[in-house]
Structures are given as C-alpha cells and as structure tokens.
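The chain contents come next:
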Amino acid sequence: MLPIKACIFDLDGVLVDTATYHFLAWKRLADMLDIAFTLEDNERLKGVSRMASLDIILSLGRRELPEGERLRLAELKNGWYREYLAALDESALLPGVKDFLLGCKALGLSIAVGSASKSAGEVLESTGIRGLFDAVVDGNAPVPPKPAPDIFLVATEKLGVRPQEAVVFEDAEAGIEAALAGGMAAVGVGSLERLSRANLVIPGFEGVDPAGILRHFASKRSSG
Ligand code: B16
Ligand code: MG
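Per chain, the residues get numbers from 1 upward, laid out in the order the sequence is written. Each chain gets a letter, beginning with A, and each ligand a number, beginning with 1, in the order they are written. Reporting of local features is limited, given that this is a predicted model, to residues whose pLDDT is at least 70; pairs of side-chain atoms are given and counted only at 80 or more, and all residues count toward the totals for whole chains, interfaces and linings. Side-chain measures here rest on the full set of heavy atoms in the structure, leaving out hydrogens and waters.

Draft legend 1. Fine view of the overall build of the protein. The helix count covers DSSP runs of H or I at least four residues long, the strand count covers runs of E at least two residues long, and both are numbered beginning at the N terminus. When you go through the protein residue by residue, the secondary structure sums to nine helices and six strands. Taking the principal axes of the C-alpha coordinates as reference, the protein spans close to 55 × 35 × 30 Å. Throughout, a contact is declared for two residues whenever any of their heavy atoms are within 4.5 Å. A fraction of 62% describes how many contacts in the protein between residues 6 or more apart in sequence connect residues 24 or more apart. What sets the accessible areas is the Shrake-Rupley method with a 1.4 Å probe; for residues, cover comes only from the shown protein chains. Total accessible area computed for the protein in this model is approximately 10400 Å², and 52% of it derives from carbon and sulfur atoms.

Draft legend 2. Expanded view of the site of ligand 1. Residues are labelled near a given molecule or strand when at least one of their non-hydrogen atoms is within 4 Å of it. The full set close to ligand 1 counts 16 residues, and Arg50, Ser115, Ala116, Ser117 and Lys118 are the nearest of them. Polar contact criterion, stated in full: a pair of N or O atoms within 3.5 Å, where within protein one must be able to donate a hydrogen and the other to accept it, and residues adjacent in sequence count only if both atoms are side-chain atoms. Between ligand 1 and the protein, one listed contact pairs an oxygen atom with a side-chain N or O atom of Asp12 at 2.8 Å. A distance of 2.8 Å is found between an oxygen atom of ligand 1 and a backbone nitrogen or oxygen belonging to Val48. Surface burial for ligand 1 is 97%, taken as the share of its 470 Å² of free accessible area covered by protein chains. Under the convention adopted here, Pro, Cys and the residues Ala, Val, Leu, Ile, Met, Phe, Trp and Tyr are nonpolar, Asp, Glu, Lys and Arg are charged, and Gly plus all remaining residues are polar. Taken together, the residues of the shell around ligand 1 sort by class into five nonpolar, five polar and six charged. Where each domain starts and ends comes from a domain assignment, either automatic or drawn from a database. Split by domain, the shell around ligand 1 shows at least three residues from each of two domains, domain 1 (6-17 + 90-223) and domain 2 (19-85).

Draft legend 3. Fine view of the pattern of salt bridges. Salt bridges are identified by distance alone: a Lys or Arg side-chain nitrogen within 4 Å of an Asp or Glu carboxyl oxygen. Counted according to the given criterion, the structure contains 13 salt bridges. In this structure, the salt-bridge partner of Glu170 is Lys146, at a minimum N-O distance of 2.8 Å. Of this pair, Glu170 sits in strand S4 (residues 166-170) while Lys146 is found in the loop between strand S3 (135-137) and helix H7 (150-159), placing the two residues 24 residues apart along the sequence. By the burial criterion, Glu170 is buried, and Lys146 matches it. Only protein chains enter the calculation, and the probe is 1.4 Å; a residue is then buried if its accessible area is under 20% of its type maximum, exposed if over 50%, and partly exposed in between.

Draft legend 4. Highlighting the pairing of S4. Across the five residues that make up S4, a large majority, five, are buried. Bridge count between strand S1 (residues 6-9) and S4: four bridges; the pairing is parallel. When the sheet's bridge partners are listed, Ala6 is paired in S4 with Ala166. Strands are labelled as partners when DSSP assigns at least two bridges between them. The sheet contact formed by S4 and strand S5 (residues 185-189) spans four bridges and is parallel. Its bridge partner being in S5, Val168 is matched across the sheet by Ala186.

Draft legend 5. Expanded view of the packing of helix H1 (residues 19-32) against helix H4 (residues 67-85). Their axes nearest at 9 Å, the elements H1 and H4 cross at an angle of 140 degrees. On the basis of their axis angle, the class for H1 and H4 is oblique. In the crossing of H1 with H4, the sense of the turn from one axis to the other is right-handed. Within the contact between the two elements, H1 uses Tyr21, His22, Leu24, Ala25, Trp26, Arg28, Leu29 and Met32 and H4 uses Leu73, Leu76, Lys77, Trp80, Tyr81, Glu83, Tyr84 and Leu85. Partitioned by chemical class, the residues of the contact of H1 with H4 number twelve nonpolar, one polar and three charged. In this analysis, axes come from line fits to C-alpha atoms, helices being fitted only over the stretch in contact, and the angle between any two N-to-C directions falls in the range 0 to 180 degrees. Here is the rule for angles: anything less than 35 degrees is roughly parallel, anything more than 145 is roughly antiparallel, 65 through 115 is roughly perpendicular, and the remaining ranges are oblique. Crossing chirality is assigned from the near helix's rotation relative to the far helix, an anticlockwise turn below a right angle marking it left-handed and a clockwise turn marking it right-handed.

No statement about biological role is implied by the geometric values presented.
Below you can see the structure in the form of structure tokens.
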C-alpha cells in the first residue's frame, strides 16, 4: 500500500465556519418562498453545488420553477451569503485548523483545498490561509460537482500525488462519497452518525495531531 503524501481539505464546515452562513442565507430564501427548511434539511445541502442546493429546497416545498427564476433565486441567496463574507477574518477559522495545517506542512505533506464553492478563493484570502496551500480547486473548476470525485482528483493531479496517497477531510456526506469514489482515504469532520461511511471520523481539529492521522492510515494499510 502507498504511504500518505497529501491532505485535501474541504472548505465550508471543515476549515472555516461558513457552513452557518450558507444555512442562514438559504433559510432566508426558504422563508421568503414560504418553504419549511430546518437545520436537519440543511445537512443535505452541505458540499452540494449552489443550483443543486436550490433544487433540494424547491423540492421540499414541492415547487417547480423555470430556469430563469431559479437562477434569480440562486443569485439572491448568493448575494446574502456574500454579505456575511464581507465581515470574514481569521477568527472564522474553526478551532485547531491553523495548527493542523502547519503540522501537515511540518511533516512534509502537500496540502490542497477541494471545495464546491465558487467563493472559496475569497474565503481563503479573508481568513489569511490562502498562502499555506499548494493547490486550490473550487466550484469554478469545469468538472462535475461532489459526489463525483473530480474536484479531489484534480487536486491530487495539481499536487502530483496519486489518489491512494491522499487523505480527504470532509464535513458532508457528498464529499465523503466523492473521496471514496476517487480512491482516496476519507476523514469525516463532524458527527460519526452522519459521516459513518468515512474511514475515520473526528469531531474537529482541536487537539488532533496530523502525525496521529498518518499513523492511523499506516497501521490500517499494513494490516490490509
Ligand atoms: P457557492 P464546500 C460547498 O462548499 C458548501 O458546503 C455548500 O453548502 C455550497 O452550496 C457549495 O459550496 C457552493 O457554494 O454557492 O459559494 O458556490 O463544503 O465544498 O467547501
Ligand atoms: Mg463542506
């Protein structure tokens, strides 16, 4: 089995607390449309592209709308989301994230971002971590969205590693499926119940040592 050489991080909900902002903006849209939308429903939107997220909300309200109107609503939500981003700074990094990223680099691992968001570049700049990454692949890449593995596969190509040499960190079921479909190891960041398909689940990065993650996968691989 191949050793781990790279870590690929999802952005929203893994590195940065922007998942809350996505929810608040979608909730505002759902309220405007008079569609009931809960935090539980929101789990289905995590890691999913903007238009696919809108379609999930419309299906909750059993609505069908023409393409032009759907585009207008998605743009409205994005405008509200970007209002939240205007206030973003390093304090939006989730606990332990900066130390974990620096720890990966100290171990000689390559690190990349693999996000479905078109605003990923701006979020990385505002939170001051853009310069740490060897590669960034975001929702502007012309590839199919998660759960297709392409966003992460492009990241491994940019890093010059094979998929089997990479670990993906994800908070969304769609992202875990994408990593596994691409032949990468998947670490769920969040609840074990929701992310049970992952190879390993951690609640967050606080107190987590990247060397421990490497040891975990090294022992799994040597025991087959
Ligand atoms: P945007 P990730 C995803 O980012 C979010 O989880 C998802 O909720 C959002 O709809 C998607 O990005 C698209 O974002 O509307 O900004 O292009 O978790 O893959 O980093
Ligand atoms: Mg996410």
